[in-house]
Amino acid sequence: MKGHVAIRAEKPIQNLGGGVCRRVLSYSEELMTVEVVFEAGAEGALHTHPHTQCTYVLSGRFQYTVEDESVDLGPGDSIVVPPNLPHGTKCLEAGTLLDIFTPMRKDFIGE
């Protein structure tokens with residue numbers, strides 16, 4: 001097979017602390033998919049990075065902030081964050097996000 005296959009159960013989960021866990025599902029140089037699980041009240045602190053990020057809410061409720069604007073997101077909602085904009089999230093109800101990055105996040109795989 002020419003593509004990278006993601007068997008979720010075979011992917012290690014990283015405990016980031018503060019009620020947040022991350023699992024890198026699949027990636028190439030151009031694209032990466034990451035599952036991020038939040039406990040209620042957990043936060044993804046405001047940060048920036050040079051990647052375009054698309055976040056899709058699989059479950060739960062989140063208050064997502066980009067620059068100075070916040071929006072509440074629930075299952076089926078998504079948001080795109082352009083490179084280098086400050087963004088973060090607070091989990092209002094325990095849930096899971098699917099983050100997609102382009103290009104891939106080398107820092108997530110230890111490079």
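Just above sits the structure.
Remember, predicted model here, so these are calculated numbers, not experimental data.

Each value, and the rule that gives it
Residues numbered from 1 in each chain as written. Predicted model: local features only at pLDDT ≥ 70, side-chain atom pairs only at ≥ 80, totals over all residues. Heavy atoms only, no water. Helix = DSSP H or I, 4+ residues; strand = E, 2+ residues; numbered from the N terminus. Rg over C-alpha atoms; globule rule 2.2 N^0.38 Å. Buried < 20%, exposed > 50% of the residue type's maximum accessible area, 1.4 Å probe, protein only. Contact = heavy atoms within 4.5 Å. Areas by Shrake-Rupley, 256 points an atom, 1.4 Å probe, with all protein chains shown as cover. Lys, Arg positive; Asp, Glu negative; His and termini not counted. Charge placed at Lys NZ, Arg CZ, Asp CG, Glu CD. 1 Å grid on protein atoms, 1.4 Å probe; cavity = no way out; pocket = protein on both sides within 12 Å on 5 of 7 lines; lining within 4 Å. Points joined across faces, edges and corners; volume = space filled by probe spheres on them. Nonpolar A, V, L, I, M, F, W, Y, C, P; charged D, E, K, R; others polar. Salt bridge = Lys/Arg side-chain N within 4 Å of Asp/Glu carboxyl O. Pairing = 2+ DSSP bridges.

Moving on: the overall build of the protein chain. Regarding its fold elements, the protein chain presents zero helices and eight strands. Along the protein chain, from the amino end to the carboxyl end, the secondary structure elements read β-β-β-β-β-β-β-β. By the compact-globule yardstick of 13 Å for 111 residues, the protein chain fits well, its C-alpha radius of gyration being 14 Å. C-alpha atoms of the protein chain, sized along the principal axes, occupy 40 × 30 × 25 Å. For the protein chain, buried positions account for 37% of its 111 residues. In the protein chain, of all internal contacts separated by at least 6 residues, the share reaching a separation of at least 24 is 60%. Total accessible area on the protein chain stands at roughly 6400 Å², and carbon and sulfur atoms take up 52% of it. Counting 9 positive and 15 negative side-chain charges, the protein chain places the averaged centre of each group 8 Å from the other.

In this structure, the largest pocket encloses a volume near 350 Å³. Lining the largest pocket are 23 residues, with Val 36, Phe 38, Gly 44, His 47 and Asp 99 positioned closest to its centre. Those elements that provide at least two residues to the lining of the largest pocket are β1 (14–17), β2 (20–27), β3 (32–38), β4 (43–47), β5 (52–66) and β8 (87–102). Each residue belonging to the lining of the largest pocket can be placed in one class, and the counts come to 10 nonpolar, nine polar and four charged.

Counting across every chain of the model gives four salt bridges. Ionic pairing is found between Arg 8 and Glu 35, a salt bridge with its closest N-O pair at 3.0 Å. Residue Arg 8 is located in the segment before β1, and its partner Glu 35 is located in strand β3; the two are separated by 27 residues in the primary sequence. Overall, Arg 8 belongs to the partly exposed group, its relative accessible area being 44%. Taking relative accessible area as the criterion, Glu 35 reaches 10% and is therefore assigned buried. A salt bridge links Glu 35 to Arg 23; its shortest N-O distance comes to 3.1 Å. Placement of Glu 35 in strand β3 and of Arg 23 in strand β2 is noted, with a sequence separation of 12 residues between them. On the basis of relative accessibility, which here comes to 11%, the residue Arg 23 falls in the buried class. Each of Arg 8, Arg 23 and Glu 35 takes part in a single network of salt bridges with overlapping partners.

Where burial is concerned, most of β3 is hidden: six out of the seven residues are buried. Where β2 and β3 come together, seven bridges link them in antiparallel fashion. Within the sheet, the bridge partner assigned to Cys 21 lies in β3 and is Val 37. Where β2 folds back onto β3 in an antiparallel hairpin, the turn is made up of four residues.

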